[in-house]
Amino acid sequence: MKLKPLKLYNTLTKKKETFKPIKKGFVGIYTCGPTVYWYQHIGNLRSYLFPDILKRVLKVHGYKVKQVINVTDVGHLTSDADEGEDKMERAAKKEGKSAKEISNFYFKVFKEDLKKMNIESPDYWPKATEHIKEQIELIKKLEKKGYTYQTSDGIYFDTSKLKDYGKLANVNVSGLKAGKRVAVGEKKSKTDFALWKFSDADAKEKRQQEWKSPWGVGFPGWHIECSAMSMKYLGEHFDIHTGGQEHIQIHHSNEIAQSEAATGKPFVNYWLHGEWLTHNGEKISKSKGGLYTLSELEKQDYSPMDLRYFFLSAHYRKPLSFSLENLDFAKTSLKRLKDIVSRLKEAWSRTPTGPSNKNIELAFGEFMGFLDDDLNMSRALSYLWEILRDDRLNNSEKYELAVKFDEILGLGLDKEKKVRIPADVKKLAEIREKAREEKKWEDADQIRRDIENLGYIVEDSEEGFILKEK
Ligand code: AMP
Ligand code: ZN
């Protein structure tokens, strides 16, 4: 099937661009992952759905995809200004556990949540604490090239040394120089950021996670982990980087700065950012409410697929307003969709469509066209509904299309595997149907057993027989 080119909105160039891979047939994707000090809430979960759709779309285009999702288990401070406590250390203290126990626990829950949401696992799950060596090496490289300076609390990246710092977010560095109005401590510019932070020798409690480095005992900054780990697994220059939109300004701007300064090459070709899941018009967060976890929703009788359907109902670059009422709507729609697909399956199991059906090919092309337009998942989802209402298609075609679309939507519309019933089994079922019509019950029972011996089950419905795999 001939597909349209895939277009993606690139935050770096601020326009929709036709996707071109660096290496023919291969795409590397890095997705900013969880800070594992607490549960990932449903807002966080939204930011992993569009990369999942992206991967599925790329695979339809014939690409081999390698995805990395990092696990931030050190260095993410409570303030983006390189101040405050390390979120992991704070959670460990609060829960009276080791930082390792905390990170292992929340990482495990996160992986389970992704699985429940039918979000495919990445190829690599690198943890920041297991890549300290790589991060130190990267900082050493930056130091050698003259991009760093030391303050009393750490090693910092000097953003004034880069001509294009802030190009992702259009940050005007000159307006942000350290000055009276901006508290920057010993930083030279407000935009400078920590690469390595020293452990506080005077702290009442010693940090649980700290390492020796050429500059002193401490821990890496949050941004350096993503540069070091993405480059380790995907190379110094790779295709796509994804994350939530709040990372544009600081985290991703800093990733670009330090990576490009270290290698002298472009870092990432396409930057994709997801909009927030909101509640009462504000980003879902601990302080603002709407902060459900997936398990909490499950306890209230919502399924992870209800949430997936809800996420699919909006473009990933548009805010999505969460409320239980909105989720109810998604739940009802998904149930209706599944009921329709199950009824269509009955028709399909009696008369499946032929192998190269023009209607299916055309409709699938149309569906892909929406996704190829910057992953317009909500339009693709509404197109599925249009297909189900389209009188020009027969029920078997509709079923085949629903199942085919679902390979990308991932809603589990047809939980039972699609099976092709062999012609001899179908013939037997037809003979049995005739025997039933003629009230030859013994013959009908014998044929049922024959069908079972061939590995299939025959069931009777108002519209005729249904064949399933045993
Ligand atoms: P964190 O665990 O805080 O590092 O966040 C993990 C991911 O979730 C990041 O890509 C964030 O941008 C994203 N994220 C956080 N809050 C929201 C939200 N309300 N809606 C969508 N994405 C979010
Ligand atoms: Zn990151």
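Data block above holds the structure.
Here goes a summary of the coordinates provided. Source: prediction; values computed, not measured.

A few points about the sheet that holds strand β3 (residues 26–31)
Whether parallel or antiparallel, the strands of a sheet pair through hydrogen bonds between backbone atoms. The strand order across the open sheet built from four strands is β4-β3-β9-β10, with neighbouring strands paired in parallel fashion. Each of the sheet's edge strands pairs with one partner strand only, and the pair in question is β4 (64–69) and β10 (268–274). Strand-to-strand twist of the sheet, defined as the mean angle between neighbouring strand axes without regard to direction, takes the value 20 degrees. Contacts between helix α5 (residues 222–234) and the sheet are confined to β3, β4 and β9 (238–244), with β3 contributing the most and set at about 160 degrees to the helix.

With respect to the packing of aromatic side chains
Within this structure, the stated rule accounts for 27 aromatic pairs. Here the aromatic rings of Tyr124 and Tyr233 are separated by 4.6 Å at their centres, their planes lie at 35 degrees, and the arrangement is tilted. Of the two residues, Tyr124 sits in the loop between α3 (99–116) and α4 (132–144) while Tyr233 sits in helix α5, which places them 109 residues apart along the sequence. When the ring of Tyr383 is compared with that of Phe405, the centres are 5.9 Å apart and the planes differ by 25 degrees; the resulting orientation is stacked. One end of the pair, Tyr383, is in helix α11 (residues 377–389); the other, Phe405, is in helix α12 (residues 395–409), and 22 residues separate them in sequence. A relative accessible area of 10% places Tyr383 in the buried class. By relative accessible area, Phe405 is classed as buried at 0%. Members of the aromatic cluster, joined through ring pairs, are Phe364, Phe367, Phe370, Tyr383 and Phe405. The ring of Phe26 has Lys23 sitting right over it, with the charged end atom 5.1 Å from the ring centre. Between Lys404 and the ring centre of Phe364, over which it is positioned, the NZ or CZ distance is 4.4 Å.

Some remarks on the nonpolar core
Leu58, Ile240 and Leu307 are the most contacted members of the largest nonpolar core, which totals 83 residues. No other element matches helix α1 (residues 42–60), which puts nine residues into this core. In this structure, Leu58 is in contact with Leu6, Phe19, Val27, Ile29, Tyr63, Val65 and Ile240, ignoring residues within four places of it in sequence.

Let's talk about the coordination of the zinc ion (ligand 2)
Within the first shell, the zinc ion (ligand 2) binds the protein through Cys32 (SG), Cys226 (SG) and His251 (NE2), at distances of 2.1 to 2.2 Å. Positions of the donor residues of the zinc ion (ligand 2) along the chain correspond to the pattern C-x193-C-x24-H. Linking Cys32 in the loop between β3 and α1 with His251 in helix α6 (residues 248–263), this pair joins segments that are 219 residues apart in sequence. Classification of Cys32 as buried rests on a relative accessible area of 8%. Residue His251 is classed as buried on the basis of its relative accessible area, which comes to 1%.

A few points about the sheet that holds strand β5 (residues 148–151)
Spatially, the four strands line up as an open sheet ordered β5-β6-β7-β8, and their pairing is antiparallel. Every interior strand has two partners, whereas the edge strands, β5 and β8 (218–220), have only one. The average undirected angle you get between the axes of adjacent strands in this sheet is 25 degrees. Bridge analysis of strand β7 (residues 193–198) against β8 gives three bridges, and the strand direction is antiparallel. Pairing of Phe198 across the sheet is with Gly218, part of β8. α4 rests against β5, β6 (154–157), β7 and β8 of the sheet, and its axis sits at about 120 degrees to β7.

What counts, and where the lines are drawn
Residues numbered from 1 in each chain as written. Chains lettered and ligands numbered in written order. Predicted model: local features only at pLDDT ≥ 70, side-chain atom pairs only at ≥ 80, totals over all residues. Heavy atoms only, no water. Pairing = 2+ DSSP bridges. Helix = DSSP H or I, 4+ residues; strand = E, 2+ residues; numbered from the N terminus. Axes fitted to C-alpha atoms, helices over the stretch in contact; angles between N-to-C directions. Contact = heavy atoms within 4.5 Å. Phe/Tyr/Trp six-rings, centres within 6.5 Å; stacked < 30°, edge-to-face > 60°. Buried < 20%, exposed > 50% of the residue type's maximum accessible area, 1.4 Å probe, protein only. Lys NZ or Arg CZ within 6 Å of the ring centre and 35° of its normal. Core = buried A, V, L, I, M, F, W, Y, C linked by side-chain atoms within 4.5 Å. Donors = N, O, S within 2.8 Å, 3.2 Å for Na, K, Ca; no water.

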